[in-house]
Amino acid sequence: METTRVSLLLRIKDKRDNVAWAEFDHIYRPLLYRFATARGLDHAAAEDVVQVCMAAIHEHIAGFEYDPRKGRFKGWLRTMVNNRIRNYHRDRHERPAESQVFKAAESKDATPEELFDQIWMDEHLKHALRLVQQEVEEHTFRAFVMYVMEERPVEEICGTLGVDPNLVHKSKYRITKRLAEKMAMLTEAEE
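Definitions and cut-offs
- Per-chain numbering applies: the sequence of each chain, read as written, is numbered from 1 onward.
- Side-chain atom pairs in this predicted model are given and counted only at pLDDT of 80 or more, local residue features only at pLDDT of at least 70, and totals for whole chains, interfaces and linings cover all residues.
- Here the side-chain values reflect all heavy atoms present in the structure, with hydrogen atoms and water set aside.
- Secondary structure counts use DSSP, requiring at least four H or I residues in a row for a helix and at least two E residues in a row for a strand, with both numbered from the N terminus.
- Buried means the residue's accessible area, taken with a 1.4 Å probe over protein chains only, is under 20% of the maximum for its type, while exposed means over 50%, and partly exposed covers the values in between.
- In these notes, a set of buried Ala, Val, Leu, Ile, Met, Phe, Trp, Tyr and Cys residues joined through side-chain atoms within 4.5 Å is what counts as a nonpolar core.
- Any two residues having at least one pair of non-hydrogen atoms within 4.5 Å are treated as being in contact.
- A helix is expected to reach a length of 1.5 Å times the quantity of its residues less one.
- Between N-to-C directions, angles span 0 to 180 degrees; the directions come from axes that are lines fitted to C-alpha atoms, helices contributing only their stretch in contact.
- The labels follow the angle: roughly parallel below 35 degrees, roughly antiparallel above 145, roughly perpendicular from 65 to 115, and oblique for the rest.
- For any helix crossing, the convention is left-handed if the near helix is rotated counterclockwise from the far helix by under a right angle, and right-handed if that rotation is clockwise.
- Pairs of N or O atoms within 3.5 Å make up the polar contacts considered here, provided that, within protein, one atom can donate a hydrogen while the other can accept it, and that residues adjacent in sequence are counted only when both atoms are side-chain atoms.

With that settled, the discussion passes to the overall build of the chain. The secondary structure content of the chain amounts to nine helices and zero strands. By residue count, 36% of the 191 residues in the chain fall in the buried class.

Glancing now at the nonpolar core. Counting residues in hydrophobic clusters, the biggest one holds 42 residues, and the most contacted among them are Ile-12, Phe-24 and Leu-77. Where this core is concerned, the elements lending two or more residues are helix 1 (6-11), helix 2 (18-38), helix 3 (43-60), helix 4 (73-91), helix 6 (112-133), helix 7 (138-149) and helix 9 (165-186). Among the elements that take part in this core, helix 2 stands out by supplying nine residues, more than any other. Excluding residues within four positions of it along the chain, Ile-12 makes contact with Ala-20, Trp-21, Phe-24, Ile-57 and Ile-61.

Now for unusual backbone geometry. A positive phi angle, close to 55°, is found at Glu-151, a residue other than glycine. Structurally, Glu-151 is set in the loop between helix 7 and helix 8 (154-161).

For an α-helix, the turn length of 3.6 residues means that residues three or four places apart are oriented alike. Its 22 residues give helix 6 an end-to-end C-alpha distance of 31 Å, which sits within 8% of 32 Å, the value for a rise of 1.5 Å per residue. Those residues of helix 6 not exposed but buried are Phe-116, Ile-119, Trp-120, Glu-123, His-124, His-127, Ala-128, Leu-129 and Val-132. Considering only its buried residues, helix 6 is in contact with helix 2, helix 4, helix 7 and helix 9.

Turning next to the packing of helix 3 against helix 4. Here helix 3 crosses helix 4 at 135°, and the two axes come no closer than 10 Å. Between helix 3 and helix 4, the angle is such that the two are oblique. For the pair helix 3 and helix 4, the crossing hand works out as right-handed. Judged by residue contacts, Ala-45, Val-49, Val-52, Cys-53, Ala-56 and Ile-57 of helix 3 engage Trp-76, Leu-77, Met-80, Val-81, Arg-84, Ile-85 and Tyr-88 from helix 4.

Moving on to the environment of Arg-39. With respect to the helices, strands and loops of the structure, Arg-39 is situated in the loop between helix 2 and helix 3. Separated by 47 residues in sequence, Arg-39 and Arg-86 place their C-alpha atoms 9.8 Å apart. Apart from residues lying up to four places away in sequence, Arg-39 is in contact with Asn-82, Ile-85, His-89, Pro-112 and Leu-115.

This part takes up the side chain of His-124. Relative to the helices and strands, His-124 is located in helix 6. Since its relative accessible area comes to 0%, His-124 is described here as buried. Side-chain polar atoms of His-124 contact the side chain of Tyr-28, separated by 3.2 Å.

Moving on, we get to the packing of helix 2 against helix 3. Closest axis-to-axis distance for the helix 2/helix 3 pair is 9 Å, and the angle between their directions is 140°. When the axis of helix 2 is compared with that of helix 3, the two are oblique. Of the two possible hands of crossing, helix 2 and helix 3 adopt the one that is right-handed. Where helix 2 approaches helix 3, its residues Trp-21, Phe-24, Asp-25, Arg-29, Leu-32, Tyr-33, Ala-36 and Thr-37 are matched on the opposing element by His-43, Ala-46, Glu-47, Val-50, Gln-51, Cys-53, Met-54, Ile-57 and His-58.

Structure below.
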């Protein structure tokens, strides 16, 4: 699933649109950082790679023309961050471990593309959750988190929050529906 709103990409073409850039940064900076650390970079190196990537996006987005036949933003971003990580290792003359132990462990792990796709979806879901949290009552969101994410029993949630079981079930339904809507919004016009 492609999860970059074309409208957001078009808005960040205007380098003065601070709201669009803040939203873009809020979604993509953590994604890039998580991917860099998952690919073996330490905190400082991951931060450097993220900064280089964000600067490159800022520099080149003005020339962005949406044409899905030429490729998706997601693929371009994945290629860019992968190249920056490879450049980082090359510039420091670092080579991944060559032992059979590491090769065997690496073959069981996700490919860089699979890893990037998983982090991509995780970060977009986190963003959607933050948006939904701002729209609902605190006790409603807390009931949802406890029931759906923490998988706590309804009775425990009712005792902890002092709410009716009906509220717990309604919270799950309403917030799940809003999350689906937010994720659809994030994917608009990209199919």
